[in-house]
Amino acid sequence: MSISAVELVRAKRDGAELDASQITWLVDAYTNGRVPDEQMSAFLMAVYFRGMSRQETSALTRAMVASGEVMDLSGVGRPSVDKHSTGGVGDKVSLIVVPLLASMGAAVPQLSGRGLGHTGGTLDKMEAIPGWRAQLSPETMVEQLKSVGGAICAAGETLAPADRKLYALRDVTATVEAIPLIAASIMSKKIAEGTESLVLDVKVGNGAFMKDRQRAGELARAMVEIGTANGMRVVALLTTMEAPLGRAAGNAVEVAEALEVLTGGGPADLVEVTLALARTMADLAGLDADQAGALRDGSALESWKGIVRAQGGDPDAALPVAPVVDVFVAPETGYVQRLDALAVGVAAWRLGAGRERKEDPVSPCAGVICCAKPGEQVRAGDPLFELHTGDPGRLSAGRQALHAALSAGKIRIDPEPPPPAGPLIIERVG
């Protein structure tokens, strides 16, 4: 049967449901250059407005997986489990749960990405560690999982190449936000990496990709359904992203805060979210262990050191320190009522911690430290933020972002304490 890209675009534009063979043909033809960008752009926009059924989304995911290799983790000798976050401000949980689960006997193949805009990328954070490298071949990754139990690395060129090509096109055609496309993109890479179990951290709030709980729930359910249909054990947790997670937003400053947690300390909100995700990962992997104990007794920290060394890094080396540190003071006395995650993320981005385009460099030492979180009391003139940057010329842009947030009420200090905060873990799906 002859299939035409124009016919598929027209069918989806008009709200028709495509069958698996049509979607498979389209993905394969686009990946291999037989369908041009303009036709696939039209198809993506049709999906953005018309959506996709569960069957179509599953077919799209399978086609993207089939465009490349699928890793075989059956020989690592450990139950495999991974975690994926939809991204937020100060979200350094992957840096903690990978060695934590590895110390408990799991294999954690964490394929990570880079930051764009106000959300940080795990690879950017890890590259603040002297000598650490992000690129691992599939064979090297499997050997590392056998030896130290965890790997944090970039997805290889051979894993779901259709996703890489489609994502680049979505990024320039304003179709990133379509839930079927997000779900297929995330799950195709996770299925291709070969993990048996997966926990999804779907962030909800002003600092998250998904601002609305209902849409976040739709995305979570779509990804759980895709994973389950492909024989994977999957659970999604919706977690709040109204304020930064922890106190640090940036690269080296987030690594330092992750190390605080790995040595049994760290901010309470970061520890709570980390342990909730780690418990869920351990349950899916069939592991019975004390996650908090592994942080206190140093076993998770030893796993961290092993993972860093395996990828060429020096876990004992000093992290980059910003040559320019400026203090942003509280304008009045009272309690921090609101600390908008997006505002803090934008300030860190402007200081050099993030990028506007994927090819832009980032500064390992740039970032923001939140000296006071919602519910905490400050006096006029007390430090509210520390601004870290390697470029003095960026300092004013970072300060302006925070001043603008104060003027707009996104960062707010009131005389009275705020009401009790809502739960960090909003909902479980799966």
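Residues numbered from 1 in each chain as written. Predicted model: local features only at pLDDT ≥ 70, side-chain atom pairs only at ≥ 80, totals over all residues. Heavy atoms only, no water.

(A) Focus on unusual backbone geometry. With a phi angle near 45°, Ala160 is a residue other than glycine that sits in the positive phi range. Within the secondary structure layout, Ala160 lies in the loop between strand 3 (150-154) and helix 8 (161-172). Positive phi values are uncommon outside glycine, yet Ala174 reaches one of about 55°. With respect to the helices and strands, the residue Ala174 is situated in the loop between helix 8 and helix 9 (179-192). (Helix = DSSP H or I, 4+ residues; strand = E, 2+ residues; numbered from the N terminus.)

(B) Main features of the pattern of salt bridges. Scanning the model with the defined rule gives 24 salt bridges in all. Note that Lys92 and Glu254 form a salt bridge whose closest N and O atoms lie 4.0 Å from each other. With Lys92 in the loop between strand 1 (81-85) and helix 5 (93-103) and Glu254 in helix 11 (residues 252-262), the pair connects residues that are 162 residues apart, well separated along the chain. We note a salt bridge from Lys189 to Asp163, for which the minimum N-O separation is 2.9 Å. Note that Lys189 is positioned in helix 9 and Asp163 in helix 8, a separation of 26 residues in sequence. (Salt bridge = Lys/Arg side-chain N within 4 Å of Asp/Glu carboxyl O.)

(C) Inspection of the packing of aromatic side chains at higher detail. As enumerated under the stated definition, the model contains two aromatic pairs in all. Residues Tyr48 and Phe49 carry aromatic rings whose centres are separated by 5.1 Å and whose planes lie at 85° to one another, so their mutual orientation is edge-to-face. Judged by relative accessible area, which is 63%, Phe49 ranks as exposed. Note on Phe328 and Phe385: the rings are 5.8 Å apart at their centroids and 65° apart in plane angle, and the pair reads as edge-to-face. Of this pair, Phe328 sits in strand 7 (residues 324-329) while Phe385 sits in strand 11 (residues 383-389), and the two are 57 residues apart along the sequence. Across the pair, exposure class does not vary: Phe328 and Phe385 are buried alike. Here the guanidinium or amino end of Lys165 rests over the ring plane of Tyr30, the centre of that ring lying 4.4 Å away. (Phe/Tyr/Trp six-rings, centres within 6.5 Å; stacked < 30°, edge-to-face > 60°. Buried < 20%, exposed > 50% of the residue type's maximum accessible area, 1.4 Å probe, protein only. Lys NZ or Arg CZ within 6 Å of the ring centre and 35° of its normal.)

(D) Molecular detail of the packing of helix 8 against helix 9. Here helix 8 crosses helix 9 at 150°, and the two axes come no closer than 10 Å. In terms of orientation, helix 8 and helix 9 fall into the roughly antiparallel class. By crossing handedness, the relation of helix 8 to helix 9 is classed as left-handed. Residue-level inspection shows Asp163, Tyr167 and Arg170 of helix 8 in contact with helix 9, the latter providing Leu181, Ile182, Ser185, Ser188 and Lys189. Residues that form the contact of helix 8 with helix 9 fall into these classes: three nonpolar, two polar and three charged. (Axes fitted to C-alpha atoms, helices over the stretch in contact; angles between N-to-C directions. Parallel < 35°, antiparallel > 145°, perpendicular 65-115°, else oblique. Left-handed = near helix turned anticlockwise from the far one by under 90°. Contact = heavy atoms within 4.5 Å. Nonpolar A, V, L, I, M, F, W, Y, C, P; charged D, E, K, R; others polar.)

Take it as geometry only, folks, not as evidence of what the structure does.
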